[in-house]
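Breakdown of the fold
Spelled out, the chains give:
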Amino acid sequence: MQHPRTSTTAPAHRPRPARRAGRLAALAASVTAVVGLTMLGGPAAHGADNPYERGPAPTESSIEALRGPYAVAETSVSRVAVTGFGGGTIYYPTSTTDGTFGAVAVSPGYTGTQSSIAWLGPRLASQGFVVFTIDTLTTLDQPDSRGNQLLAALDYLTERSSVRNRIDSSRLGVMGHSMGGGGSLEAAKSRPSLQAAIPLTPWNLDKTWPEVKTPTLIFGADGDTIAPVATHAEPFYATLPSSLDRAYLELNGATHFTPNTSNTTIAKYSISWLKRFIDNDTRYEQFLCPLPRPSLTIEEYRGNCPHTS
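Read on for an overview of the structure. Quick caveat: nothing in here was measured; it's all calculated off a predicted structure.

This brings us to the packing of helix α4 (residues 143-159) against helix α5 (residues 179-190). Where α4 contacts α5, the two axes come as close as 7 Å, and the packing angle between them is 65°. The hand of the α4/α5 crossing is right-handed. Here α4 contributes P143, D144, R146, G147, L150 and L151 to the contact with α5, which in turn contributes M179, G180, G182, G183, S184, E186, A187 and S190. Classifying every residue of the contact of α4 with α5 by side-chain character gives five nonpolar, six polar and three charged.

Written as structure tokens, this is what we have:
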């Protein structure tokens, strides 16, 4: 917009300083407005590029916290109300303003019940996931059975559960401890459409996993005498396809049962892996690449970077 003339005696053929200044001011204002709109639209534009992104930008402290940005509710599922697994507890964000969420089913280990992995429910759900910690048909079920039960639990979540409308059925993952960890590999082998798998100190008689097409993060423990890393977690990782997004994190000063109690290292990298591959949220890539270095809690970390999925 042109400013009013400040002189009525200036010759018509000369540029009017006030008008020139007004034009420059208007141009500057226009540029400022465009820049401002671009800056305001940055986060929204990023969210629009990735419709699965949920929650605020992460920080080291936010993914290490006991609770994330979402309030969480839970609902119990009786074993008599389901088929194919032993019931469990569903943890889910109470907010509906962000749309649907990805979902994760978690299996306990041999002789274990859902109480042994219950801490993962609210911790993961508060970061923006629906999490189903399950009981198995018996506490003695082997990995192949636990894999089938994890898939049955995901089917129940997305098709029959009271929170099914909160879940994006195309964005699912599995986790499990010990035989449940071996079961999560079985589930990933059986259902390649899964977006993420996280075996925790896994046990399985099958040592090779070239069929897996799901991004997989395997946790081992340096002091594991039940599923020693040399005969379980390490060969499981090594036989995953080299083209796959995969990682191996060996916990330092840990045992086979470390995943049964609240653990910041397990939570931090599980959250980052689930966010990166279930939500396609590259904001979490910073915690996975460059590869984490050995520390007081990490004996070693292997994997491919950058991720391609």
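A few words on the packing of aromatic side chains. Considering all chains together, one arrives at nine aromatic pairs under this definition. Look at Y269 and Y301: their rings are 6.1 Å apart centre to centre, the planes differ by 55°, and that puts the pair in the tilted class. Pair noted here: Y269 is in helix α7 (residues 264-277) and Y301 is in strand β9 (residues 298-303), with a separation of 32 residues, a long-range link. Residue classification places Y269 among the buried residues on the basis of a relative accessible area of 7%.

Quick look at the side chain of S116 now. In this fold, S116 is placed in the loop between β3 (101-107) and α3 (120-125). Using a relative accessible area of 15% as the deciding quantity, one classes S116 as buried. A distance of 2.7 Å separates a polar side-chain atom of S116 from the backbone oxygen of T113. In contact with S116, other than residues within four places in its own chain, are P108, P259 and N260.

A few words on the state of the cysteines. Two cysteines whose sulfur atoms are joined by a covalent bond form what is called a disulfide. A full pass over the atoms with the stated rule returns one disulfide. One disulfide in the model links C289 with C305; its S-S distance is 2.1 Å. Residues C289 and C305 are joined through a disulfide that is left-handed, its torsion about the S-S bond being -90°. With C289 in the loop between α7 and β9 and C305 in the segment after β9, this pair connects stretches of sequence that are 16 residues apart.

On to the sheet that holds strand β8 (residues 246-251). Strand order in the open sheet formed by nine strands is β1-β2-β4-β3-β5-β6-β7-β8-β9, with mixed pairing between adjacent strands. Edge strands, defined here as strands with exactly one partner in the open sheet, are β1 (72-77) and β9. Taken pair by pair, the neighbouring strands of this sheet meet at an average axis angle of 15°, ignoring direction. In this fold α5 packs onto β3, β5 (167-177), β6 (196-200) and β7 (216-221), with an angle of close to 145° to the strand it touches most, β5.

This part is about α4. Here α4 is 17 residues long and its end C-alpha atoms lie 24 Å apart, about the 24 Å a rise of 1.5 Å per residue gives. Listed as buried for α4 are P143, R146, G147, Q149, L150, L151, A152, A153, L154, Y156, L157 and T158. Buried residues along α4 sit against β1, β2 (88-93), β3, β4 (129-134), β5 and α5.

Once that is clear, we can look at empty space enclosed by the protein. Under the counting rule described, the total for this entry stands at one cavity of 30 Å³ or more. Here the largest cavity is characterised by a volume of approximately 30 Å³. Lining of the largest cavity is provided by Y52, R54, T100, F101, G102, D168, R171 and D279. Listing elements by their share of the lining of the largest cavity, those giving two or more residues are β3 and β5.

Each neighbour pair has its own omega, and for C289 with P290 the value is 0°, a cis peptide bond. Looking at where P290 falls in the secondary structure, it is placed in the loop between α7 and β9. The omega angle of the peptide bond from C305 to P306 is -5°, so this bond is cis rather than trans. Positionally, P306 belongs in the segment after β9.

Helix length check: α7 (14 residues) gives 20 Å between terminal C-alpha atoms against 20 Å at 1.5 Å per residue, within 8%. Of all 14 residues that make up α7, 13 are buried, and the element is covered over most of its length. Here α7 starts with a cap whose side-chain oxygen sits 3.1 Å from the backbone nitrogen of T265, and that cap is N263.

Within β3, seven of the seven residues are buried, which leaves the element mostly enclosed by the surrounding structure. In this sheet, β5 lies alongside β3 in parallel orientation, the contact comprising six bridges. Each residue of the ladder has a partner; that of S107, found in β5, is G176. As defined by bridge partners, β3 adjoins β4 across five bridges and the pair is classed as parallel. Each bridged residue has a counterpart across the sheet, and for V106 the counterpart in β4 is T133. In this fold, β3 hands off to α3, which returns the chain to β4; that crossover is right-handed.

Below, the discussion takes up the nonpolar core. Counting 38 residues, the largest nonpolar core has F85, I90, V130, F132, L154 and L157 as its most contacted members. Within the residue set of this core, elements represented by two or more residues are β2, β3, β4, α4, β5, α5 and α6 (233-238). Beyond its immediate stretch of four places on either side in the chain, L157 contacts I90, A103, V130, F132, V163, R164 and I167. Within the second largest apolar cluster, 35 residues are counted, among which are V104, A221, A267 and Y284.

What counts and what doesn't
- Residues numbered from 1 in each chain as written.
- Predicted model: local features only at pLDDT ≥ 70, side-chain atom pairs only at ≥ 80, totals over all residues.
- Heavy atoms only, no water.
- Axes fitted to C-alpha atoms, helices over the stretch in contact; angles between N-to-C directions.
- Helix = DSSP H or I, 4+ residues; strand = E, 2+ residues; numbered from the N terminus.
- Left-handed = near helix turned anticlockwise from the far one by under 90°.
- Contact = heavy atoms within 4.5 Å.
- Nonpolar A, V, L, I, M, F, W, Y, C, P; charged D, E, K, R; others polar.
- Phe/Tyr/Trp six-rings, centres within 6.5 Å; stacked < 30°, edge-to-face > 60°.
- Buried < 20%, exposed > 50% of the residue type's maximum accessible area, 1.4 Å probe, protein only.
- Polar contact = N/O pair within 3.5 Å; in protein donor to acceptor, adjacent residues only side chain to side chain.
- Disulfide = S-S within 2.5 Å.
- Pairing = 2+ DSSP bridges.
- Expected span 1.5 Å × (residues − 1).
- 1 Å grid on protein atoms, 1.4 Å probe; cavity = no way out; pocket = protein on both sides within 12 Å on 5 of 7 lines; lining within 4 Å.
- Points joined across faces, edges and corners; volume = space filled by probe spheres on them.
- Right-handed = clockwise from strand over helix to strand, strands pointing away.
- Core = buried A, V, L, I, M, F, W, Y, C linked by side-chain atoms within 4.5 Å.

Read these as geometric descriptors, not functional statements.
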